[in-house]
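These are the residues of each chain, in order.
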Amino acid sequence: MAENKPMRAEIAKYINEKVVFTQDSISYRSSAPTAARLPAAAAVHLNNILKPHTPINAEDVFFADSPTSLGSMLGYSLAECGDGILVSRPVYGRFELDYGVESGVEMVYADTAVEEAFSPISVEKYELALKAAKGRGQKIRAVLLVNPHNPVGRCYPVETLKAIARFCNRHKLHLISDEVYASCVFDSGDPDAVPFTSILSLDFTGLIDPDLVHVLYGFSKDFASGGLHLGFLVTQNQQLRQACKTILRLHGASQAAVTIGTTILEDQAFVSSFTAKARQRLASAYRITTSVLNKEGINYVKGGNAGFFVYIDLSPYLPADGVLSPQNREFALAQGLVDAGVFLHPGEEHSRNVGWFRLVFSQEEETLKEGLNRLLGVLRSSAVTIKT
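In this text, all values refer to a predicted model and were calculated from it rather than measured experimentally.

What counts, and where the lines are drawn
Residues numbered from 1 in each chain as written. Predicted model: local features only at pLDDT ≥ 70, side-chain atom pairs only at ≥ 80, totals over all residues. Heavy atoms only, no water. Helix = DSSP H or I, 4+ residues; strand = E, 2+ residues; numbered from the N terminus. Rg over C-alpha atoms; globule rule 2.2 N^0.38 Å. Buried < 20%, exposed > 50% of the residue type's maximum accessible area, 1.4 Å probe, protein only. Areas by Shrake-Rupley, 256 points an atom, 1.4 Å probe, with all protein chains shown as cover. Lys, Arg positive; Asp, Glu negative; His and termini not counted. Charge placed at Lys NZ, Arg CZ, Asp CG, Glu CD. Disulfide = S-S within 2.5 Å. Contact = heavy atoms within 4.5 Å. Phe/Tyr/Trp six-rings, centres within 6.5 Å; stacked < 30°, edge-to-face > 60°. Pairing = 2+ DSSP bridges. Axes fitted to C-alpha atoms, helices over the stretch in contact; angles between N-to-C directions. 1 Å grid on protein atoms, 1.4 Å probe; cavity = no way out; pocket = protein on both sides within 12 Å on 5 of 7 lines; lining within 4 Å. Points joined across faces, edges and corners; volume = space filled by probe spheres on them. Nonpolar A, V, L, I, M, F, W, Y, C, P; charged D, E, K, R; others polar.

### Description of the overall build of the protein chain
Right, on to step 1. Broken down by element type, the protein chain carries twelve helices and nine strands.
Right, on to step 2. Relative to the 2.2 N^0.38 estimate, which gives 21 Å for 388 residues, the radius of gyration of the protein chain is 21 Å and therefore close to what a compact globule would have.
Right, on to step 3. The principal-axis extent of the C-alpha atoms belonging to the protein chain is close to 60 × 55 × 40 Å.
Right, on to step 4. Every one of the 388 residues in the protein chain was classed for burial, and the buried ones make up 56%.
Right, on to step 5. A total accessible area of about 17100 Å² is found for the protein chain, and carbon and sulfur atoms account for 51% of it.
Right, on to step 6. Where the 37 positive side-chain charges of the protein chain centre and where its 41 negative ones centre are 0 Å apart.

Structure below.
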């Protein structure tokens, strides 16, 4: 699970000490005072961390019970069943469920290599995927970006964001930017690591129709609060906000979560302190992890500086080719790891190449080191047939 476990105790302590629950906190009323305050508090926070070219106003912010639900709402509102959303890969695998379970919208993959995905040249692959979809009669409604990226842990360069925005504008596609890791950017020690740039920080003039751009954000990553279930959609598109509002009955955030979220976001001094501490811990965990991988000679995607994970290549440790299907080769390795008490999800991130896994390092240091030791123990042992 991509959770920032070392920070959970701190956020729980703050909630226990600072949040005051009232009768409104357990009411039905969406018009409760805290519900009215939350969009304004969120706008202040998002202006601080996303640094938008045009300031975010409270009326641009729509909240629901999670970014996952908001993804479903976007799929339902922007597309018809069977339509597609373009996304490069590797990418977080559960988007297929987020956008598809209720609305029947499909993820359509642009076959980019990792380096291509973060380059303006990726637009060529989006064009090919769009053309192929049209050829089979499938309408593409949007492009989905994950920035900072899951599972690669990188941020998109400005020129790539602009190129993708132009592509979307040219084809009248919506651009959904999932920025739930916006504050989980840290000093990885790599001088070439790309800093985070929100899509909203771009000047849309001559670039893209602002009504086509939508940003997702939530509490699950930046505030180590996945179980709080609170997510935000930022969009200037009034029709989209109205469409989402009509189905909010099925996805509304609880008043208790709204009370907690409002208290946290209105305390920007705490937010700044919490974020700084989280970034320090993520940087330390990243360096521990990559130093172990480097020493062991395990390949991984370099240039990471965001999120909770390193994308690692375990293809040399898969059972011999020809014995099992590609998917089952990954599952066999994953089972060997589970037997040793450590878990990496097989086949989750939709890589074109077999053997790549997302390693989540956002653990307490002792847990992280034990997990890495167990991982190496399996890879070094005869428990898994080594590919030659």
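Moving on from the model shown.
### What about the state of the cysteines?
Right, on to step 1. Using the criterion set out here, one finds zero disulfides in the structure.
Right, on to step 2. There is no disulfide at Cys155, and the cysteine sulfur nearest it, in Cys184, is 10 Å away.
Right, on to step 3. Looking at Cys155, the relative accessible area reads 2%, which means it is buried.
Right, on to step 4. Of all cysteine sulfurs, the one in Cys168 lies closest to Cys244, which takes part in no disulfide; the gap is 18 Å.

### Side note on the environment of His149
Right, on to step 1. Relative to the helices and strands, His149 is located in the loop between β4 (140-146) and α7 (158-171).
Right, on to step 2. The spacing of His149 and Leu130 is 19 residues in sequence and 22 Å in space, taken between C-alpha atoms.
Right, on to step 3. Those residues in contact with His149 that lie beyond four places of it in its chain are Pro90, Val91, Phe118, Arg154, Tyr156 and Phe309.

### As for the packing of aromatic side chains
Right, on to step 1. Taken as a whole, this structure holds 16 aromatic pairs when the rule is applied.
Right, on to step 2. An angle of 20° between the planes, with centres 6.1 Å apart, marks the rings of Phe223 and Phe274 as stacked. Of this pair, Phe223 sits in the loop between β6 (213-218) and β7 (231-235) while Phe274 sits in helix α10 (residues 268-296), and the two are 51 residues apart along the sequence. Comparing Phe223 with Phe274, the two get one shared label, buried.
Right, on to step 3. Put simply, the rings of Tyr14, Tyr217, Phe219, Phe223, Phe232, Phe270 and Phe274 pair up and form one aromatic cluster.

### Describing the sheet that holds strand β1 (residues 61-64)
Right, on to step 1. The seven strands are arranged β1-β7-β6-β5-β4-β2-β3 in an open sheet whose pairing can be described as mixed. Two strands close off the open sheet at either side, each with one partner strand: β1 and β3 (106-110). Between one strand and the next, the sheet's axes are offset by a mean angle of 25°, whatever the strand orientation.
Right, on to step 2. Bridge count between β1 and β7: four bridges; the pairing is antiparallel.

### A look at empty space enclosed by the protein
Any space left empty among the atoms is revealed by the rolling of a water-sized probe across them.
Right, on to step 1. All told, the structure shown has two cavities of 30 Å³ or more when counted by the stated rule.
Right, on to step 2. Considered as a void within the structure, the largest cavity measures approximately 40 Å³ in volume.
Right, on to step 3. As for the largest cavity, its lining consists of Val152, Gly153, Phe186, Tyr286, Val301, Gly304, Asn305, Ala306, Phe309, Val310 and Tyr311.
Right, on to step 4. Tallying contributions element by element places strand β8 (residues 309-313) first for the lining of the largest cavity, with three residues.
Right, on to step 5. The residue makeup of the lining of the largest cavity, split by class, is eight nonpolar, three polar and no charged.

So yeah, pure geometry; function would need other evidence.
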